[in-house]
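Residues per chain, in single letters:
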Amino acid sequence: MHIGFLGLGNMGGPMARNLLKAGHSLTVFDPFPQAVSALVEAGAAAAASPAAVAEANVDVIITMLPTAAHVKEVYLGKDGLLAHASQGVLLIDSSTIDPLSARAVAKLATAQGNPMLDAPVSGGTGGAAAGTLTFMVGGSVSVYDQALPILSAMGKNVVHCGDSGNGQVAKIANNMLLGISMAGVAEAMALGVALGMDAKVLAGIINASSGRCWSSEINNPVPGVLDSAPASRGYSGGFGTDLMLKDLGLATEAAKHARQPVLLGAATQQLYQSHSLQGYGGLDFSSIIKLYQMGNQA
Ligand code: NAD
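Residues numbered from 1 in each chain as written. Predicted model: local features only at pLDDT ≥ 70, side-chain atom pairs only at ≥ 80, totals over all residues. Heavy atoms only, no water.

Draft legend 1. Focus on helix α9 (residues 166-194). With 29 residues, α9 should cover 42 Å at 1.5 Å per step; its first-to-last C-alpha distance of 42 Å lies within 8% of that length. In the stretch just after α9, G196 is the one whose phi turns positive, near 105 degrees. (Helix = DSSP H or I, 4+ residues; strand = E, 2+ residues; numbered from the N terminus. Expected span 1.5 Å × (residues − 1).)

Draft legend 2. Here's a closer look at the domain arrangement of the chain. Its domain assignment divides the chain into domain 1 (2-164) and domain 2 (169-292). Centre-to-centre separation of domain 1 and domain 2, based on C-alpha positions: 29 Å. Contacts between domain 1 and domain 2 engage 13 residues on the former and 9 residues on the latter. The interface formed by domain 1 and domain 2 includes 0 salt bridges. Summed over the shared surface of domain 1 and domain 2, the number is 3 residue pairs in polar contact (both at pLDDT 80 or more). The set of elements that each furnish at least two residues to the side of domain 1 that touches domain 2 consists of α6 (99-111) and β7 (121-122). Take the side of domain 1 that touches domain 2: its biggest share by element is 3 residues, from α6. Looking at the side of domain 1 that touches domain 2 residue by residue, the classes come out as 8 nonpolar, 3 polar and 2 charged. (Domains from an automatic or database assignment. Contact = heavy atoms within 4.5 Å. Salt bridge = Lys/Arg side-chain N within 4 Å of Asp/Glu carboxyl O. Polar contact = N/O pair within 3.5 Å; in protein donor to acceptor, adjacent residues only side chain to side chain. Nonpolar A, V, L, I, M, F, W, Y, C, P; charged D, E, K, R; others polar.)

Draft legend 3. A look at the site of the ligand. Surveying the vicinity of the ligand reveals 24 residues, the closest of which are N10, M11, D30, L65 and K246. Within the backbone of P66, an N or O atom sits 3.1 Å from an oxygen atom of the ligand. In the model, an oxygen atom of the ligand is placed 3.0 Å from a nitrogen or oxygen of the T96 main chain. For the ligand, whose accessible area on its own is 840 Å², the fraction buried by protein is 85%. Taking a 2 Å distance to the grid points as the criterion, the majority of the atoms of the ligand fall inside the largest pocket. (Near = heavy atom within 4 Å. Areas by Shrake-Rupley, 256 points an atom, 1.4 Å probe, with all protein chains shown as cover. 1 Å grid on protein atoms, 1.4 Å probe; cavity = no way out; pocket = protein on both sides within 12 Å on 5 of 7 lines; lining within 4 Å. Sits in = over half its atoms within 2 Å of the grid points.)

As structure tokens, this is what we get:
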């Protein structure tokens, strides 16, 4: 299949490589020239704009962009995908954006004869490289069925979440919970250590008890508890604080539109905002424990 791919960053770059490995031909665009040349070396063709990708006789176009503003520009701009895509070309946006924007873009695409899915992912850059991402997909069942073989080349779980926008709903609900659970684990671990407990022993108790969760067991925020966790390598190389802050912002914004309270989500957003302001935006989000240490060394 001939696939257009736009947004070749930390996630999109390795995802595009996995499509090449699966035998698809690719035409790619990214405003960052090094990102494009890396993919061209791997066998992709380069295009000079989103319009040029759409006009390259592609069957499918996938986007992996930073924010909803980028998605709107790339799909709806004068030089954008909708203005230049042939009817029937399948559009898949894997960026994490708010559900309302995802639904608005998909509605315009569908109206002009381009089926569209929102298909945000979890699994991080490691999952993108290994081809083990989870895709949360919103859109009609028939379009989902059409996209399944393509998404399966980049991920090991592809889940249909319902109508357009519901992939984004699943993504932001999960990540809001993740942000809350990490802040909770950080608070509990810092308390235990401040009261004299050994961090490894405490983590072992929590992980064999009812407080256990991914944040305590796989990504424990205390350095030295887990050798494989970002905390044990200076909080580098995980899921950045600023990306968590972005997802909490999407959750609280979507909640406002739905008039649905997100009491813990909003409080947690403020925690990550303070943490980012203190200069920790680039560190793994488990570094939120620094807010609780205040001189104690957890
Ligand atoms: P990134 O910043 O590394 O990559 C984004 C890429 O998009 C960059 O290469 C940038 O040059 C490109 N881009 C910007 N404007 C463009 C345009 N007009 N046309 C084409 N390309 C353009 O970001 P990332 O970490 O790859 O994340 C991408 C999306 O995936 C985000 O929405 C993010 O929230 C989500 N996500 C990231 C992770 C993660 O661990 N990094 C995990 C899950 C989901």
